[in-house]
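Spelled out, the chains give:
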Amino acid sequence: MIIRIKGFIRKLLSKLFKSRKQLKLGLYGPVNSGKSTLANRICKDFLNEEMSTVSKIPHETREIIAKENVVIKSDGKQLTFNLVDTPGIATKVDFEDFLKFKMKAADAKQRAKEATKGVIEAIKWLDNMNCVVIVLDSTKDPYSQVNITIIGNLAARNIPFIIVGNKVDLRKANIKRIEAAFPQYEVIGISAEKGHNMEELYETLFKIVK
Amino acid sequence: MITLQFIPNREIANLDQDSKIKKLLNIVKEEKIILLEGRLTAEEESSLIAKTMEQINKRFKGIEIATYHREPKNIQIIEKIRKTLTQILLGYEHGMTIIGPASIVREIKKDPNKIELFMKTKKRR
């Protein structure tokens, strides 16, 4: 209840000061869903530069990374965002998982320690966001509790959000499965790496922050 | 041996968020799998994840969690009000939540009709 009231007040204040303050656009999702790849794609599209490092090893992004003044343009309109790339949210972190990627034990332990802090940071930052793109891996099971928790928290806080099913260029991708898991929300299939369907994402972004 | 501990909703309904999370995490850290009657709120779930991350160490690797809940369709307005009031007073009493230690539960797979728990098997020498 308190969280809903807080969300309402925040939304009211953000509407009042919208013209003066830049909107924070957060990229949220589980680990390795392609949030940093999407952050880089957005930056490449509008700034011609990248903002995050990407890796196949889980928990590559372990700190909040923000890029200010990202002007997103679509269909003759434009909006200026502070783009916030967040660490992937997970319910478990085991340093032994990193050893599979031939990482040294000490490095793996350090990475695990930083990853746990990153998850906490990402959760804390939810309250600062004006809108969010939830990045899901369309090749993975969408019914994971992490996805449900992120969506539930954004809905409770009245933060507008879009669900994207990333990696649609991969053979195992299944957007219909994400749509079936979250039938009350629109799901946009994209490939952040290849740049597929980004225009639809930008158009939807304009609709939700209007 | 795997221990399942059932927690009825009334056992945690009157606890504040921190006490609720602490109670659940303490049980999971004893390497027990919790079958919780009802669900946590979204805020409680994110707090559970954050607290889990704070407590990860050599022995405790985190949790696996899944909820099962089916929202009835076409419910009448009176029933909706009753449900909302109950949720405010008692939390989410409907549905079921499974929380297990990641050291024992490898994965919880869920689809709209079932929840499957995949356990970790110990390697035999």
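Counting from 1, residues in each chain are numbered in the order their sequence is written. Working convention: letters from A go to chains and numbers from 1 go to ligands, in the order in which they are written. Two thresholds apply to this predicted model, a pLDDT of at least 70 for residue-level local features and 80 or more for giving and counting side-chain atom pairs, whereas whole-chain, interface and lining totals are computed over all residues. The side-chain values count all of the structure's non-hydrogen atoms but skip hydrogen atoms and water molecules.

K.L.:
Would you mind going over the interface of chain A and chain B with me for this structure?
P.N.:
Often, the extent of an interface is quoted as the loss of accessible area upon association of its parts. Taken together, the contacts link 20 residues of chain A with 23 residues of chain B. Two parts placed together each lose some accessible area under a 1.4 Å probe, and adding up what both lose gives the buried area. Where chain A abuts chain B, roughly 2,000 Å² becomes buried across the two surfaces, and 61% of that area is made up of carbon and sulfur atoms. Whenever a carboxyl oxygen of Asp or Glu lies within 4 Å of a side-chain nitrogen of Lys or Arg, that contact is scored as a salt bridge. Counting every contact that joins chain A to chain B gives two salt bridges. With its nearest N and O atoms 2.6 Å apart, the salt bridge here joins A:Lys92 to B:Glu64. Only heavy atoms enter the contact rule, under which two residues are in contact if any of them lie within 4.5 Å.

K.L.:
Help me understand a nonpolar patch on the surface, please; the structure alone is not making it clear to me.
P.N.:
All names here are of chain B. Like-charged residues are merged into a patch within 9 Å and nonpolar side chains (Val, Leu, Ile, Met, Phe, Trp, Tyr) within 5 Å, provided each residue has over 30% relative accessible area and no salt bridge. The method behind every accessible area is Shrake-Rupley, applied with a 1.4 Å probe, and residues are considered shielded solely by the protein chains displayed. On the surface, Ile 77, Ile 78 and Ile 81 cluster together into a nonpolar patch covering about 350 Å² of accessible area. For the purposes of this entry, the term helix denotes a DSSP run of H or I that reaches at least four residues, the term strand denotes a run of E that reaches at least two, and both are numbered from the N terminus. Counting through the fold element by element, Ile 81 comes out in helix H4 (residues 77–90). Overall, Ile 81 belongs to the partly exposed group, its relative accessible area being 48%. Three exposure classes are used, based on accessible area relative to the maximum for each residue type with a 1.4 Å probe and protein chains only: buried under 20%, partly exposed in between, and exposed over 50%.

K.L.:
Looking at this structure, how should I read the nonpolar core?
P.N.:
The nonpolar side chains of a soluble globular protein tend to be buried, and buried together. Counting residues in hydrophobic clusters, the biggest one holds 37 residues, and the most contacted among them are A:Tyr28, A:Ile89, A:Val132, A:Ile134, A:Leu154 and A:Ile163. Contributing elements (two or more residues each) for this core: helix H3 (95–99), helix H4 (105–125), strand S4 (131–137), helix H5 (145–156), strand S5 (161–166) and helix H6 (175–181) of chain A together with helix H3 (42–55) of chain B. Looking at this core, the element that brings in the most residues is H4(A), giving seven residues. In this structure, A:Ile89 is in contact with A:Tyr28, A:Gly29, A:Pro30, A:Val31, A:Val119, A:Ala122, A:Ile123, A:Val146, A:Ile150 and B:Ile49, ignoring residues within four places of it in sequence. Only buried residues count toward a nonpolar core. Its members are Ala, Val, Leu, Ile, Met, Phe, Trp, Tyr and Cys residues joined through side-chain atoms within 4.5 Å. Core analysis: the second largest hydrophobic core is formed by 26 residues, A:Ile72, A:Cys131, A:Val135 and A:Tyr202 among them.

K.L.:
How should I be thinking about a negative patch on the surface in this particular structure?
P.N.:
Residue and element names in this part refer to chain A. The charge count includes Lys and Arg as positive and Asp and Glu as negative, but it does not include His or the ends of the chains. By convention, the charge on Lys lies at NZ, on Arg at CZ, on Asp at CG and on Glu at CD. Taken together, the side chains of Asp 75, Glu 179, Glu 186, Glu 199, Glu 200 and Glu 203 define an acidic patch exposed on the protein surface. When residues in the negative patch are grouped by element, the largest group, three residues, is from helix H7 (residues 198–208). As for its placement among the helices and strands, Asp 75 is situated in the loop between strand S2 (65–74) and strand S3 (77–85).

K.L.:
I tried to follow the side chain of A:Asp85 on my own but got confused; where do I start?
P.N.:
Residues and elements named next belong to chain A. Turning to its location among the elements, Asp 85 is positioned in strand S3. Here Ser 52 takes part through its side chain, which lies 2.7 Å from a polar atom of the side chain of Asp 85. Setting aside residues no more than four positions away along its own chain, Asp 85 makes contact with Lys 35, Ser 36, Ala 39, Met 51, Ser 52, Thr 61, Glu 63, Ile 64 and Ile 65. The definition of a polar contact used here is a pair of N or O atoms within 3.5 Å, where within protein one atom must be able to donate a hydrogen and the other to accept one, and adjacent residues in sequence count solely through side-chain atom pairs.

K.L.:
What should I look at first to understand the pairing of S3(A) in this one?
P.N.:
Note on strand geometry: in a regular strand, side chains alternate between the two faces of the sheet. Residue and element names in this part refer to chain A. Note: two strands are recorded as paired if DSSP finds a minimum of 2 bridges between them. Here strand S1 (residues 23–28) runs beside S3; their pairing, made up of five bridges, is parallel. By the bridge assignment, Gly 26 is partnered in S3 with Val 84. Sheet topology note: the S2/S3 ladder contains eight bridges and is antiparallel. If you follow Ser 74 over to S3, its bridge partner there is Lys 77. Linking S2 to S3, which pair antiparallel, is a turn of two residues; within it Asp 75 sits at a positive phi near 55°.

K.L.:
Even after reading the chapter, I still don't get the confidence of the model for chain B, so can you show me in this structure?
P.N.:
A low pLDDT score tells you not to read the predicted coordinates there in detail. Put simply, chain B has an average pLDDT of 87, and 82% of its residues get 70 or more. For this predicted complex, the interface score ipTM comes out at 0.87, alongside a pTM of 0.87. On a scale of 0 to 100, pLDDT captures the predictor's confidence in every residue.

K.L.:
Sorry, what's going on with the pattern of salt bridges here?
P.N.:
When the charged atoms of two side chains lie near each other, side chains of opposite charge can form a pair. Summed over all chains, the structure comprises 15 salt bridges over all chains. Of the charged contacts, one joins B:Lys20 and B:Glu44 as a salt bridge, the two residues approaching to 2.8 Å between their closest N and O atoms. In this pair, B:Lys20 sits in helix H2 (residues 17–29) while B:Glu44 sits in helix H3, placing the two residues 24 residues apart along the sequence. As far as the burial class goes, B:Lys20 and B:Glu44 line up, both buried. Sharing partners across several salt bridges, the network here consists of A:Asp137, A:Lys140 and A:Lys167.

K.L.:
Would you explain the packing of H4(A) against H3(B) in this entry?
P.N.:
Packed helices, taken two at a time, are described by the angle between their axes plus the distance between the axes. For the pair H4(A) and H3(B), the least separation of the axes is 8 Å and the interaxial angle reads 155°. What the angle tells us is that H4(A) and H3(B) run roughly antiparallel. When the axes of H4(A) and H3(B) are compared, the crossing they make is left-handed. Counting all contacts with H4(A), which are made through A:Thr116, A:Val119, A:Ile120 and A:Ile123, the residues of H3(B) involved are B:Ser46, B:Ile49, B:Ala50, B:Met53 and B:Glu54. We call Asp, Glu, Lys and Arg charged. Ala, Val, Leu, Ile, Met, Phe, Trp, Tyr, Cys and Pro are nonpolar, and the rest, Gly among them, are polar. A breakdown of the residues in the contact of H4(A) with H3(B) according to their chemical character gives six nonpolar, two polar and one charged. An axis is simply a line fitted to the C-alpha atoms; with a helix, the fit covers only the stretch in contact. Between two such axes, the angle follows the N-to-C directions and lies from 0 to 180 degrees. Orientation labels follow simple angle bins: below 35 degrees gives roughly parallel, above 145 gives roughly antiparallel, 65 to 115 gives roughly perpendicular, and whatever is left gives oblique. For any pair of crossing helices, the crossing counts as left-handed if the nearer helix is rotated counterclockwise from the farther one by less than a right angle, and right-handed if it is rotated clockwise.

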